[in-house]
Amino acid sequence: MVEQTARRRLNKAAGLASVGVAGVLVLAKLWAFAATGSLAIAASAADSALDLLVSATAFMAILYAARPPDADHAFGHSSAEDLAALAQSVAISVAGVAIGLSAFARFSAGAPPVLRAEGLGLAIMGGSVALTLALVLFQRWVARRTGNRIVAADSLHYLGDLIPNLGAILSLLAARYLGVVIVDTLVALLAAALMIIGAARIAKQAVDSLMDRKAPDAIEGIIAALARDHPGVRDFHDLKTRMAGSQIFVVLHIELDGDQSLREAHDIGADLRQKILAACPNADVTIHKDVWQGG
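Described below are features of the structure shown in this document. In this text, all values refer to a predicted model and were calculated from it rather than measured experimentally. Every chain is numbered independently, its residues counted from 1 as its sequence is written. This being a predicted model, a pLDDT of at least 70 is required before a residue's local features are given, and a value of 80 or more before pairs of side-chain atoms are given or counted; all residues contribute to the totals for chains, interfaces and linings. With hydrogens and water set aside, each side-chain value is computed from the structure's full complement of heavy atoms.

## Digging into the packing of aromatic side chains
Stage number 1. Pairing of aromatic rings covers Phe, Tyr and Trp, the last through its six-membered ring, and needs centres within 6.5 Å; plane angles under 30 degrees mean stacked, over 60 mean edge-to-face, and all others mean tilted. Taken as a whole and judged by the stated rule, the model has 1 aromatic pair.
Stage number 2. Here F138 and W141 contribute two aromatic rings whose centre-to-centre distance is 6.2 Å and whose plane-to-plane angle is 25°, an arrangement assigned as stacked. With F138 and W141 both in helix α4 (residues 118-146) and 3 residues apart, the pair spans about one turn of that helix.
Stage number 3. Residue class for F138 comes out partly exposed when judged on its relative accessible area of 27%.
Stage number 4. Here's how the labels work: a residue is buried when its accessible area is under 20% of the maximum for its type, exposed when over 50%, partly exposed in between, all with a 1.4 Å probe on protein chains only. By relative accessible area, W141 is classed as partly exposed at 37%.
Stage number 5. One residue, R242, lies across the ring of F249, its end atom 4.3 Å from the ring centre. By definition, any uninterrupted DSSP run of H or I lasting at least four residues is a helix, any uninterrupted run of E lasting at least two residues is a strand, and each is numbered from the N terminus. Charge-over-ring contacts are defined here by two conditions on Lys NZ or Arg CZ: a distance within 6 Å of the ring centre and an angle within 35 degrees of the ring normal.

Below, the structure is given as structure tokens:
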């Protein structure tokens, strides 16, 4: 890990790179679609437009996360990420349905689509794949150095976006060298299905967070193990967690020896809190100290 100021600088650079790459890809793919008439490229362009929305939201989340709680938002502002995710899921679903309907219209028309300028389309889509790979590698490098989960998640998102890009390339190759144009329609249908499935997943995660769903069992297990094994903690109870955006809120009651000093009890709780934060960097941890009753 690097120091805090450097982490923030790297996270901002990764966010800006993501937005910049998405913007370039949208313009390039729209140009390729206009030149070729390929629905697969149109699907990829729509996906990149949604990437631009997601990346911009992620970048704003990185900036917003640095804001401290205020009088009106005592627990911070991280739930705005979930509201933005819900809006994104609607946009993704609409785009997926539009691409799917266009593909079905081609099927029902009977006449095969006419693709043009396949060479230009292949060049643009090949460049898109190379640019996306470069972005993914940069984001993963930043995520390893800073531990930022937003950057890590964005890199996984772009890695998954290589599928429609490669599908568009496949459809252009099939049309140019084999004369098979139906591949373009099939790829568009696959891309539409993936977009709708992805939208449903995003919506579920956002709703879960807005409904104060607990953190994953694995994270709660890590927190419980840290509390159970921490020196001076006799027992613990009422471990509660909830998700808000990328942040995890943790409330934990620990039981301590009632004969020790207040300073000793405070130090035990502070040390445990630091261990939990080290294991879960995006956590907001509140620890209550109770007197151990024995048994």
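## Considering the pairing of strand β3 (residues 283-291)
Stage number 1. Strands are treated as partners if at least two bridges between them are detected by DSSP. Relative to β3, strand β2 (residues 247-256) runs parallel, the two sharing 9 bridges. Counted as the bridge partner of F249 is D284 from β3.
Stage number 2. Handedness rule for crossovers: strands pointing away from the viewer, path from the first strand over the helix to the second running clockwise, crossover right-handed. Taken together, β2, helix α9 (residues 262-279) and β3 constitute a β-α-β crossover, and its handedness is right-handed.

## Regarding the sheet that holds β2
Stage number 1. The 3 strands are arranged β1-β2-β3 in an open sheet whose pairing can be described as mixed. Edge strands, defined here as strands with exactly one partner in the open sheet, are β1 (235-244) and β3. Strand-to-strand twist of the sheet, defined as the mean angle between neighbouring strand axes without regard to direction, takes the value 10°.
Stage number 2. Contacts were defined at the residue level, with two residues in contact if any of their heavy atoms lie within 4.5 Å. Comment: axis = line fitted to C-alpha atoms, over the contacting stretch for helices; angle = value between 0 and 180 degrees taken between N-to-C directions. In the packing of helix α8 (residues 217-229) onto the sheet, the strands contacted are β1 and β2, and the crossing angle to β1 comes to about 150°.
Stage number 3. Running over the sheet, α9 touches β2 and β3 and is turned about 150° from β3.

## Quick look at the nonpolar core
Stage number 1. Take the buried residues of types Ala, Val, Leu, Ile, Met, Phe, Trp, Tyr and Cys, join any two whose side-chain atoms come within 4.5 Å, and each joined set is a nonpolar core. In this structure, I248, L252, I254, L272, A283 and V285 are the most contacted members of the largest nonpolar core, which totals 22 residues.
Stage number 2. The set of elements that each furnish at least two residues to this core consists of α8, β1, β2, α9 and β3.
Stage number 3. Not counting chain neighbours up to four residues away, the residues in contact with L272 comprise L226, A227, H230, V233, L252, I254 and I287.

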